[in-house]
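# Structural features, examined
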Amino acid sequence: MQSDIINTIVFIGPTGVGKSRLINYLAEKDVAKTANTLQSVTKGLQCYCVNPQDSTHGFLFVDTQGVCDTTMSNADVVSLISDALKNKVKKVNYFILMIKSGRMTDENRKAIEQLITEFDLVERKNHVYVLVTNCEILNGQALTRLENEVCADRTLKKLLKMEKSSTSSCHEVVNLSFTGLPDPKDVNVLMMDGVRKWMEVQRKPLMKYISKPISAIEPNLRCQTKHIDLFQILHCS
Ligand SMILES: Nc1nc2c(ncn2[C@@H]2O[C@H](COP(=O)(O)OP(=O)(O)OP(=O)(O)O)[C@@H](O)[C@H]2O)c(=O)[nH]1
Ligand SMILES: [Mg+2]
């Protein structure tokens with residue numbers, strides 16, 4: 001790794017939304033295993049140190065097991081990820097919460113709420129980016145409609161950050177974007193050029209956001225509680 005600055009980015013969300021595929025795309029090489037299968041693919045936690053060409057930063061990309069996993073309960077998956085982050089990764093700069101475009105099922109919502117609670121994402125929304133995948137076939141109008149739906153969703157809206165736009169007097173959401181990252185081998189050759197161009201356009205806001213320097217945080221609340229305990233012990237003895 002050439003750069004001294006490393007942001008740790010943790011990718012979380014339901015199984016099959018494209019967490020590993022996004023890591024490969026941003027890393028510009030196939031580091032993580034991806035598959036279009038019924039069973040969930042990534043198990044536990046996988047870490048990849050990368051330095052993409054279009055960034056002055058290095059990154060530690062952390063791939064996680066999907067919630068709504070086919071073999072484990074959500075609570076077990078969330079606590080597996082949380083313990084592994086606490087032990088292996090220790091500090092996080094950004095969490096990328098990924099969801100698939102389409103209906104939010106009750107199961108997905110419950111699982112996302114569990115992730116939000118475990119990692120205290122509402123309180124720490126400066127460290128959160130929401131990314132909606134599988135949007136490659138949507139046109140401009142459909143994307144605007146989807147953005148409005150995400151902004152109105154009772155779970156997701158808690159994570160969104162509004163800032164004053166640099167081009168108008170309006171406020172805009174700064175930590176939400178939409179992407180479509182089909183595996184090139186799954187795409188009709190006639191469509192591939194268009195899909196590739198769009199993928200590149202979508203890459204920029206995300207890379208810009210996760211490249212911003214920001215102080216690192218403990219992965220979960222339980223780490224913070226431990227620190228308070230240690231503080232109390234030191235002052236009691
Ligand atoms: N069409 C389309 N396919 C996608 C997109 N993102 C990922 N995929 C495909 O969806 C499948 C699952 O992607 P993965 O990256 O393995 O998903 P994951 O979230 O890592 O899944 P788990 O490891 O099981 O949690 C792969 O075949 C990807 O190529 C997308 O935006 N559009
Ligand atoms: Mg995966």
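Residues numbered from 1 in each chain as written. Chains lettered and ligands numbered in written order. Predicted model: local features only at pLDDT ≥ 70, side-chain atom pairs only at ≥ 80, totals over all residues.

As annotated in an unreviewed UniProt entry, the protein chain carries the name AIG1-type G domain-containing protein and is attributed to Heterostelium pallidum.

### A few points about the site of ligand 1
Heads up, the rule is: Here, nearness is defined through the C-beta atom: a residue counts as near a molecule or strand if that backbone-placed atom lies within 6 Å of it. Each helix is a run of H or I in the DSSP string that is no shorter than four residues. Each strand is a run of E no shorter than two, and both are numbered from the N terminus. Asp, Glu, Lys and Arg are counted as charged, while Ala, Val, Leu, Ile, Met, Phe, Trp, Tyr, Cys and Pro are counted as nonpolar; the rest, among them Gly, fall into the polar class.
In the vicinity of ligand 1 lie 22 residues, with Gly-18, Arg-21, Asn-36, Thr-42 and Gly-66 positioned nearest. Among the elements that line the shell around ligand 1, the one with the most residues is helix H1 (residues 19–27), at three residues. Looking at side-chain class alone, the shell around ligand 1 contains five nonpolar, 13 polar and four charged residues.

### Overview of the environment of Cys-151
Just so we agree on the cut-off: Any two residues are considered in contact once their C-beta atoms, placed from the backbone, lie within 7 Å.
Summarising the element assignment, Cys-151 is placed in helix H4 (residues 140–152). Sequence separation between Cys-151 and Val-173 is 22 residues, and the spatial gap between their C-alpha atoms is 8.4 Å. Those residues in contact with Cys-151 that lie beyond four places of it in its chain are Lys-157, Leu-160 and Val-173.

### A closer look at the pairing of strand S5 (residues 128–133)
This is how the line gets drawn: Any residue with 12 or fewer other C-beta atoms within 10 Å of its own C-beta is exposed, any with 20 or more is buried, and the rest are partly exposed; the C-beta atoms used are placed from the backbone. Strands qualify as paired when DSSP identifies two bridges or more between them.
Counting buried positions over the six residues of S5 gives six, a clear majority of the element. Of the two faces of S5, both are covered, the one formed by Val-128, Val-130 and Val-132 as well as the one formed by Tyr-129, Leu-131 and Thr-133. Bridge count for strand S4 (residues 94–100) against S5 is six bridges, and the pairing is parallel. Bridging across to S5, Ile-96 finds its partner in Tyr-129. Relative to strand S8 (residues 176–178), S5 is paired through three bridges, and the arrangement is parallel. Within the sheet, the bridge partner assigned to Leu-131 lies in S8 and is Ser-177.

### Structural notes on helix H3 (residues 106–118)
Worth spelling out the cut-off: Here the expected span of a helix is defined as 1.5 Å times the quantity of residues minus one.
Along its 13 residues, H3 runs 18 Å from first to last C-alpha, staying within 8% of the 18 Å computed at 1.5 Å per residue. Where H3 is buried, its residues touch strand S1 (6–12), helix H2 (74–89) and S4.

### Some points on unusual backbone geometry
Located in the positive-phi region is Glu-28, a residue other than glycine, with phi close to 65°. Among the secondary structure elements, Glu-28 is positioned in the loop between H1 and strand S2 (45–50). On the basis of neighbour counts, which here come to 12 C-beta atoms within 10 Å, the residue Glu-28 falls in the exposed class. Phi is positive for Asp-120, close to 55°, though the residue is something other than glycine. What makes Asp-120 partly exposed here is the crowd of 16 C-beta atoms within 10 Å.

### Concerning the sheet that holds S1
Pairing between the strands of a sheet comes from backbone hydrogen bonds, and it takes one of two forms, parallel or antiparallel. The cut-off we apply is this: Angular values range over 0 to 180 degrees, each being the angle between N-to-C directions of two axes fitted as lines to C-alpha atoms, with helices fitted over their stretch in contact.
Strand order in the open sheet formed by six strands is S2-S3-S1-S4-S5-S8, with mixed pairing between adjacent strands. Edge strands, defined here as strands with exactly one partner in the open sheet, are S2 and S8. Geometrically, the sheet is characterised by an average inter-axis angle of 20° between neighbouring strands, direction not taken into account. As defined by bridge partners, S1 adjoins strand S3 (residues 58–64) across six bridges and the pair is classed as parallel. By the bridge assignment for S3, Ile-6 is matched with Gly-58.

### Some thoughts on the UniProt feature "domain: AIG1-type G" (unreviewed entry) in the protein chain
Here is the rule: UniProt positions are given in the numbering used here, feature names are shortened, and annotations may be inferred rather than shown by experiment.
This chain's UniProt record puts "domain: AIG1-type G" (unreviewed entry) on residues 8–162. Taken as a whole, residues 8–162 contains 33% helix and 21% strand, while its terminal C-alpha atoms sit 23 Å from one another.

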